[in-house]
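Residues per chain are reported as follows:
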Amino acid sequence: MNSPAPMAKDELMRKVVALCKTRGFVFQSSEIYGGLKSAYDYGPLGVELKRNVMAEWWRDMVTCRENVVGIDASIMMHPDVWRASGHAAGFADPLVDCKVSKERFRADKAPRPAPGDELPLTCPDKGVAKTYAEIIEKSFGVALERDGNVLRGLKAVGPGEFGFFSKGAAAPEKTWPWRGYVSPLIGSPFLSEERQFNLMFRTSLGAVDPMQDVAEATARLTAQPDLAAAVKAEFGKDAETGALGKALATGERAKILRAVAEHVTGGNMVYLRPETAQAMFVQFKNVQSSTSQKIPFGIAQMGKSFRNEVTVEHFIFRSCEFEQMEMEFFCEPGTQGEWMEFWKKARMAWWTRYAQRPGDFRFRAHEKSELAHYADQCFDVEYAYPWGWGELEGIASRTDHDLHAHQEASGQSLEYIDAEKDDPKTGKKPWRYLPYVIEPAAGATRAVLCFLLDAYTEEERRTAAGETELRTVLKLHPRLAPIKCAVLPLVKKDGMPEKARELISAMLAAGIHAKYDEKNSIGKRYAKHDEIGTPWCVTVDGQTLVDGTVTLRDRDTTEQSRVNVAEVVALIRGKLDA
């Protein structure tokens, strides 16, 4: 068999997405109702693949390690958890839309050119530059100069104004108000007003609908001639501070009413977690004391997280509902560097162990400008997706930031007490300290997409008639494959189906996920199982009934061998356990 010419990367993505639907890996959620943006359902094969990926992660990170334990925490936690961690503030950001590219971005993260700087719009290619130039001319009445994929002619006139300058002109022909920043994607100053977005999903805890309270409070307050005075009378001292106080200080009616709604619903409001990590920090003391773990040790968790993502893209790569595989490894201050190297090596070994093309994985070190203020190191495990390198897993050295934040906010000590070591400050036992943390945090749904792309292969082969055909095969690692073995009766008679059913029962009893398949010709059944990644097919034929042997076919090589039926189950079990 020969490999055809390499396909274009966008074609690979298109084929994998199509395969996901036709073979039952991933479906668009609520498809018969038109679908729901950024929501996906995992079909019969997809759920098996995802569970296998997560099971292998758990096996490697928890089951096979004495110093890592697991938890399964609630998706909803006390709102103060997210206030202490910074999510409640950091995830409620002002967002802005670019009127040219339609990019949506955080205003506080946008580039800020200095007054007097040129404002070139850098587009992906010349075609896009032409399109954007036409949009700008139609919407804003100016014709920017096209220089390849760059549009020129705009300049920051001052801190609050930008303008259009014809080529060689000293003064602007036209100006617009400006907030001092441009879009990160193309550098456009043509932006919408800032709008407040909350990147965490909110809901209410309790059987009573808080919206009724909001409606009644709004009706009561807006019936008064002076809204601000009514709010102060209604909420007393609460109206002097916090969100209510800030809203009243602006004098803006819409902001005051929003703050009233936030205040009224605040007692029942909870968030769907945007990450699984915080529960492991909050439960650090309980886990450590109940298991008698000694530093260094880790707490692991897998599960769903939810984010109102600014941009959802690339199929299941970035969506609002996703699954994470995270571990917080607690270590002595000062040892975080060596543990960072340990976990970098361990995590890269895990990813490449299950990959067909290990060279498509790499580390990317975060620049100092990217690091959170509390982190001293961070590395991303990246995969060469069709659109470029993308993050699969972040491995961060978070110092003692999270434990410190929750200790301060809760008033509960989260210190670890090492009775055998001297305190470096006093020289006496015990040593009380907040552990430092190394956090390997991987995306399970991103891993599914990565392994599908990595495994998808097209090969040219010769048919029995001597013709060339294209074979599609999903070369998933056997431990990740949704179905481990297919058992196929050559024909649906002469006792072959019954013998195949006996073999299926034996495999299932041995914990091997096997499927019986009798539909279509044997060649089409082989092709189907190649396409869904089944590593082995066992064919029951006429010879089976004579000498008790079956044909064992390998997915990747298509090689076939005769094996005694009594040995098949142990043989496949051994291959999976190898």
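Predicted, not measured: the structure shown is a model, and the values here were computed from it. (Residues numbered from 1 in each chain as written. Predicted model: local features only at pLDDT ≥ 70, side-chain atom pairs only at ≥ 80, totals over all residues. Heavy atoms only, no water.)

A.B. asks: Break down the side chain of Glu382 for me, citing the residues and quoting the values.
C.D. replies: Tracing the backbone through its elements, the reader meets Glu382 in strand 19 (residues 377-385). By relative accessible area, Glu382 is classed as buried at 7%. Here the side chain of Glu382 touches Arg364 through a polar contact of 3.2 Å, side chain to side chain. In this view, Glu382 contacts Asp360, Phe361, Arg362, Arg364, Trp389, Gly390, Glu391 and Leu392; residues no more than four positions away in its chain are not counted. (Helix = DSSP H or I, 4+ residues; strand = E, 2+ residues; numbered from the N terminus. Buried < 20%, exposed > 50% of the residue type's maximum accessible area, 1.4 Å probe, protein only. Polar contact = N/O pair within 3.5 Å; in protein donor to acceptor, adjacent residues only side chain to side chain. Contact = heavy atoms within 4.5 Å.)

A.B. asks: Tell me what's going on with the sheet that holds strand 4 (residues 76-77), and back it up with residues and numbers.
C.D. replies: By definition, the strands of a sheet pair up through backbone hydrogen bonds, in either a parallel or an antiparallel sense. Read from one edge to the other, the open sheet built from three strands follows the order 4-15-14, with strand pairing classed as antiparallel. The two strands at the open ends of the sheet, each matched to only one other strand, are strand 4 and strand 14 (202-204). Relative to strand 15 (residues 269-272), strand 4 runs antiparallel, the two sharing two bridges. Within strand 15, the position partnered with Met76 by the bridge is Leu272. (Pairing = 2+ DSSP bridges.)

A.B. asks: Quick rundown of the environment of Phe201? Include the residues and the values.
C.D. replies: Within the secondary structure layout, Phe201 lies in the loop between strand 13 (195-198) and strand 14. Sequence spacing of Phe201 and Val565 is 364 residues, and the spatial spacing of their C-alpha atoms is 54 Å. If sequence neighbours within four positions are ignored, Phe201 has contacts with Val270, Tyr271, Leu272, Phe306, Arg307, Asn308 and Cys320.

A.B. asks: Talk me through the state of the cysteines; I want residue IDs and the actual numbers.
C.D. replies: Defined simply, a disulfide is a covalent bond joining two cysteines at their sulfur atoms. Going through the model one piece at a time under the given rule, you end up with zero disulfides. Here Cys331 stays free of any disulfide, with the sulfur of Cys378 as its closest cysteine sulfur at 15 Å. In this structure Cys331 comes out as buried when scored by relative accessible area, which is 0%. You can see Cys537 has no disulfide; the closest cysteine sulfur is in Cys485, sitting 6.8 Å from it. Residue class for Cys537 comes out buried when judged on its relative accessible area of 1%. (Disulfide = S-S within 2.5 Å.)

A.B. asks: I'd love a proper account of the sheet that holds strand 30 (residues 560-564), names of residues and values included.
C.D. replies: The sheet built from five strands is open, its strands ordered 27-26-28-29-30 with mixed pairing. Every interior strand has two partners, whereas the edge strands, strand 27 (514-516) and strand 30, have only one. Ignoring which end each strand starts from, the neighbouring axes of this sheet average 25° apart. As defined by bridge partners, strand 26 (residues 485-489) adjoins strand 28 (residues 536-540) across five bridges and the pair is classed as parallel. (Axes fitted to C-alpha atoms, helices over the stretch in contact; angles between N-to-C directions.)

A.B. asks: Tell me about the pairing of strand 26, and please be specific about residues and values.
C.D. replies: Burial of strand 26 is extensive: five of the five residues sit out of reach of the surface. Bridging between strand 26 and strand 27 involves three bridges; their strand directions are parallel. Considered in strand 27, the bridge of Cys485 is made with Ala514. In this fold, strand 26 hands off to helix 15 (residues 496-509), which returns the chain to strand 27; that crossover is right-handed. (Right-handed = clockwise from strand over helix to strand, strands pointing away.)

A.B. asks: Quick one: what's the story with the pattern of salt bridges, residue by residue and with numbers?
C.D. replies: For side chains bearing opposite charge, pairing can occur when the charged atoms are close. Here the structure, examined in full by the defined rule, presents 42 salt bridges. Between Glu341 and Lys344 there is a salt bridge, and its shortest N-O distance comes to 3.8 Å. Residue Glu341 and its partner Lys344 are located together in helix 12 (residues 336-353), separated by three residues, close to a single helical turn. According to the relative accessible area criterion, Glu341 is partly exposed, its value standing at 43%. Notably, a salt bridge pairs Arg573 with Asp577, separated by 3.2 Å at the nearest N-O pair. Of this pair, Arg573 and Asp577 both sit in helix 18 (residues 568-577), four residues apart, which is roughly one turn of that helix. (Salt bridge = Lys/Arg side-chain N within 4 Å of Asp/Glu carboxyl O.)

A.B. asks: Explain the nonpolar core to me, using residue names and the numbers behind them.
C.D. replies: Of all hydrophobic cores here, the largest spans 57 residues; its most connected members are Trp351 and Phe451. Elements with a contribution of two residues or more to this core: helix 1 (9-22), helix 2 (44-63), strand 17 (321-331), helix 12, strand 19, strand 20 (388-399), strand 23 (436-443) and helix 14 (444-455). If one sorts the elements of this core by residue count, helix 14 sits on top with nine residues. Apart from the residues lying within four places of it in its own chain, the contact partners of Trp351 are Phe361, Val381, Leu392, Glu393, Ala442, Ala447 and Phe451. The next biggest cluster of nonpolar side chains, apart from the first, holds 28 residues, and it includes Ala107, Leu119, Cys123 and Leu191. (Core = buried A, V, L, I, M, F, W, Y, C linked by side-chain atoms within 4.5 Å.)

In short, the description is geometric, and any link to function would need to be established separately.
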